[in-house]
Amino acid sequence: MTTQEAVQLWGGPTRLAKALGITRDAVYKWKKYPPIDKQFQIMVLSGGRLAVTEDNTKETKTDE
């Protein structure tokens, strides 16, 4: 899932942050993908509507 998909499903970064028990600022610091541990938490909380798709521990260069 992307950060944008998670935010849209919850109806905003504040609501997503509250569901995850973190601050809204933490959500804003995510890049394109939420951290892998948060992706798993979001997957569970969404009942599988969003799936884990990217591991942020890997650095990839996409604009070559």
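Per the secondary structure count, the protein includes four helices and zero strands. When each of the 64 residues of the protein is scored for burial, the buried share is 30%. Put simply, 41% of the contacts in the protein that link residues at least 6 apart link residues at least 24 apart.

What follows concerns the side chain of Thr 3. Summarising the element assignment, Thr 3 is placed in helix H1 (residues 3-10). If sequence neighbours within four positions are ignored, Thr 3 has contacts with Trp 30, Lys 31, Lys 32, Tyr 33 and Pro 34.

Looking now at the pattern of salt bridges. Applying the stated criterion across every chain, the model contains one salt bridge. Its salt-bridge partner being Asp 25, residue Arg 24 comes within 4.0 Å of it at the nearest N-O pair. Residue Arg 24 is classed as partly exposed on the basis of its relative accessible area of 42%. Its relative accessible area of 46% is what places Asp 25 among the partly exposed residues.

Residues Thr 3, Ala 6, Val 7 and Trp 10 constitute the buried set of H1. The arc enclosing the buried residues of H1, seen along the axis, measures out at 95°, which places them on a common side. The inward-facing, buried residues of H1 abut helix H2 (13-20), helix H3 (24-29) and helix H4 (36-45).

Right, let's talk about the side chain of Ser 46 for a bit. Here Ser 46 is to be found in the segment after H4. We classify Ser 46 as buried; its relative accessible area is 2%. A polar side-chain atom of Ser 46 sits 3.1 Å from the main-chain carbonyl oxygen of Met 43.

Between H2 and H4, the shortest axis-to-axis distance is 11 Å and the interhelical angle comes to 90°. With respect to H4, the axis of H2 lies roughly perpendicular. Across from Leu 16, Ala 19 and Leu 20 in H2, the residues of H4 making contact are Lys 38, Gln 41, Ile 42 and Leu 45. Residue composition of the contact of H2 with H4, grouped by class: five nonpolar, one polar and one charged.

Calculation notes
Residues numbered from 1 in each chain as written. Predicted model: local features only at pLDDT ≥ 70, side-chain atom pairs only at ≥ 80, totals over all residues. Heavy atoms only, no water. Helix = DSSP H or I, 4+ residues; strand = E, 2+ residues; numbered from the N terminus. Buried < 20%, exposed > 50% of the residue type's maximum accessible area, 1.4 Å probe, protein only. Contact = heavy atoms within 4.5 Å. Salt bridge = Lys/Arg side-chain N within 4 Å of Asp/Glu carboxyl O. Arc of directions from axis to C-beta. Polar contact = N/O pair within 3.5 Å; in protein donor to acceptor, adjacent residues only side chain to side chain. Axes fitted to C-alpha atoms, helices over the stretch in contact; angles between N-to-C directions. Parallel < 35°, antiparallel > 145°, perpendicular 65-115°, else oblique. Nonpolar A, V, L, I, M, F, W, Y, C, P; charged D, E, K, R; others polar.

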